Amino acid sequence: MIYDRRAFLKSSLVASAVLASERNAMAQSAPLFPGFTVEKIRTSGATINTLRGGSGPPLLLIHGYPQTHVEWHKIAPRLAQKFTVVMTDLRGYGDSSKPEDGENHANYSKRAMALDHIEVMRSYGFDRFAVAGHDRGARVTWRLAVEHPQAVTKAVVMDIVPSPYSRVTREFATEYFHWFFLIQPAPFPETLIGNSAEYFLRSRFLRQNAGSNVFAPEAVAEYLRCFRDPATIHATCEDYRAGATIDMDHAAEDGDKKVMCPLLVLWGERGTVGRLEPVMDIWREKAVNVTGRALPAGHFLPEEVPEETLAALLQFLGN
């Protein structure tokens, strides 16, 4: 059977539209974030699902794959005791909109995602703010710090290193096979994932040396609610396709640019990044003022080791 990509995308959008009212009705993240308000903020390229709570200096939290803002539920309420915490769903994820792909996957580039967050924070009156990102959100954080240095006061990146495709080994390809699977042309990965979305989602958590008991059932239910949407599956594949194409072009354009603000790097000592990469050596080449350390976890730091993650954030942001 020959698949038509255009037909697949059309059917995905139809299915997404059918599910839209159900998604809105079923949204359950608010109880995980008492005192936070939920808003849809329109940017120049997307509509971003956003939560805001607390008071004090502004702090932006950006999630990773295959999650949503819900990944911060164990630490955001406590951060809100000292900061005005803003959390988003990346474009293509959660309850944010799913734009068209764009030429060379441009609408899912980290540059486009970074601009979303500049505009979200400006909508709240914050021209300067601290930002912490995990996984894909950490890649957006890196773009924010490099391309919008006037906006970022401090930055935290969790469990990533820049330009990983440039250092591929057998071990990396084995551990991070999804980096090569998700970038295949549509609708190949979308079709396979869509046939068992729950199995695929749960497999991502179990393959990163994280115990299944660290993920709260209500959080997993939220991840699954959003991930079952065919438009989300396609958009998140586009995120990775951008990572293997246009994001690399944008990083190459940096030249000698480095992260100028204070940068904290955190990673899991049992995770792939911590086991295979010289994390601090790589980040010292990308930033002028960088500190970092491993935490006793796999990949999902805010959910595996929330106390240690919170302590690291408070110490760094409070200095």
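It should be emphasised that the depicted structure is a prediction, and the values quoted were computed from it without experimental measurement.

1. Description of the overall build of the chain
Looking only at helices and strands, the chain features 15 helices and 8 strands. For the chain, buried positions account for 58% of its 319 residues. Partitioning the contacts of the chain with sequence separation of at least 6, the portion at a separation of at least 24 is 76%. If you sum the accessible surface of the chain, you get close to 13100 Å²; carbon and sulfur atoms cover 54% of it.

2. Here we look at the environment of Leu60
On the secondary structure map, Leu60 appears in strand S3 (residues 58-62). A sequence separation of 23 residues divides Leu60 from Phe83, and the C-alpha atoms of the two residues are 9.6 Å apart. In contact with Leu60, not counting residues within four places along its chain, are Val86, Thr88, His117, Met121, Phe129, Ala130, Val131, Ala132 and Leu144.

3. Topic: the pairing of strand S7 (residues 263-268)
Of all 6 residues in S7, 6 are buried, a share of seventy percent or more. The side-chain alternation of S7 yields two buried faces, one formed by Leu263, Val265 and Trp267 and the other by Leu264, Leu266 and Gly268. Relative to S7, strand S6 (residues 152-158) is paired through 4 bridges, and the arrangement is parallel. Pairing of Val157 across the sheet is with Val265, part of S7. As paired elements, S7 and strand S8 (residues 290-295) share 6 bridges and run parallel to each other. Of the residues in S8, the one forming a bridge with Val265 is Gly292.

4. With respect to the pairing of S3
S3 sits mainly inside the fold: 5 of its 5 residues count as buried. Across 5 bridges, the pairing between S3 and strand S4 (residues 84-88) is parallel. Across the sheet, the residue bridging to Ile62 is Thr88, located in S4. As defined by bridge partners, S3 adjoins strand S5 (residues 129-134) across 4 bridges and the pair is classed as parallel. Paired with Leu61 across the bridge in S5 is Ala132.

5. As for the packing of helix H8 (residues 197-206) against helix H9 (residues 217-227)
A packed helix pair is summarised by two numbers, namely the angle formed by the two axes and the spacing between the axes. Two numbers describe how H8 lies on H9: the axes approach to 10 Å, and their chain directions differ by 130°. Put simply, H8 runs oblique to H9. The chirality of how H8 crosses H9 is right-handed. Listed contacts from H9 to Ala197, Glu198, Phe200, Leu201, Arg202 and Phe205 of H8 are Val220, Tyr223, Leu224 and Phe227. For the contact of H8 with H9, the residue count by class is 8 nonpolar, no polar and 2 charged.

6. Focus: the pattern of salt bridges
Inspection of every chain in the model, using the stated rule, returns 20 salt bridges. Put simply, Asp95 and Arg225 hold a salt bridge, and the shortest N to O gap is 2.8 Å. Here Asp95 is found in the loop between S4 and helix H3 (110-123), whereas its partner Arg225 is found in helix H9, with 130 residues between them in sequence. Each member of the pair, Asp95 as well as Arg225, is classed as buried. Salt-bridge contacts for Arg136 lead to Asp239; the nearest nitrogen and oxygen are separated by 3.2 Å. Here Arg136 is found in helix H4 (residues 136-147), whereas its partner Asp239 is found in helix H10 (residues 230-243), with 103 residues between them in sequence. The pair formed by Arg136 and Asp239 is uniform in burial state, with each residue classed as buried. Counted as one network, the salt bridges with shared partners bring together Arg111, Arg143, Glu147, Glu253 and Asp254.

7. A look at H4
Think of an α-helix as turning once every 3.6 residues; residues three or four places apart then point the same way. For H4, built from 12 residues, the straight-helix expectation of 16 Å at 1.5 Å per residue is met to within 8% by its first-to-last C-alpha distance of 17 Å. Every buried residue of H4 is listed here: Arg136, Gly137, Ala138, Arg139, Val140, Thr141, Trp142, Arg143, Leu144, Ala145 and Val146.

8. Here's the deal with the packing of H10 against helix H11 (residues 246-253)
H11 packs onto H10 with a crossing angle of 40° between their chain directions and a minimal axis gap of 4 Å. By the angle between their axes, H10 is oblique relative to H11. Of the residues in H11, those touching H10 at Asp239, Ala242 and Gly243 are Ile246, Asp247 and Met248. A per-class count over the contact of H10 with H11 returns 3 nonpolar, 1 polar and 2 charged.

9. Here's the deal with the sheet that holds S3
In space, the 8 strands of this open sheet follow the order S1-S2-S4-S3-S5-S6-S7-S8, with mixed pairing throughout. Only two strands of the sheet have a single partner each, and these edge strands are strand S1 (37-42) and S8. Within this sheet the neighbouring strands show an average axis-to-axis angle of 20°, counted without direction. Along the sheet, H4 contacts S3, S5 and S6; its crossing angle with S5, the most-contacted strand, is approximately 145°. Along the sheet, helix H15 (residues 306-318) contacts S3, S5, S6, S7 and S8; its crossing angle with S6, the most-contacted strand, is approximately 155°.

About the criteria used
- The residue count restarts for each chain, going from 1 along the sequence in the order it is written.
- Local features in this predicted model are restricted to residues of pLDDT 70 or higher, and side-chain atom pairs are both shown and tallied only at a pLDDT of 80 or more, whereas totals for entire chains, interfaces and linings draw on every residue.
- Note: side-chain values were computed over all heavy atoms of the structure, leaving out hydrogens and water.
- Only DSSP runs of H or I reaching four residues or more are called helices, and only runs of E reaching two or more are called strands; each is numbered from the N terminus.
- For each residue, the accessible area found with a 1.4 Å probe, counting protein chains only, is set against the maximum for its type, and the residue is called buried under 20%, exposed over 50%, and partly exposed in between.
- Contacts: residue pairs with any heavy atoms within 4.5 Å of one another.
- Per-residue accessibility takes into account occlusion by the displayed protein chains alone, with areas from the Shrake-Rupley method and a 1.4 Å probe.
- Each pair of strands is called paired provided DSSP finds at least two bridges between the two strands.
- Only C-alpha atoms enter the line fits that serve as axes; for helices the fit covers just the stretch in contact. Angles between N-to-C directions range over 0 to 180 degrees.
- Just so you know how the angles are binned, under 35 degrees is roughly parallel, over 145 roughly antiparallel, 65 to 115 roughly perpendicular, and the rest oblique.
- Take the far helix as your reference; a near helix turned counterclockwise from it by less than a right angle gives a left-handed crossing, and one turned clockwise gives a right-handed crossing.
- Only Asp, Glu, Lys and Arg are considered charged, only Ala, Val, Leu, Ile, Met, Phe, Trp, Tyr, Cys and Pro nonpolar, and every remaining residue, Gly among them, polar.
- Here a salt bridge means any side-chain nitrogen of Lys or Arg lying within 4 Å of a carboxyl oxygen belonging to Asp or Glu.
- Expected span of a helix: the number of residues minus one, times 1.5 Å.

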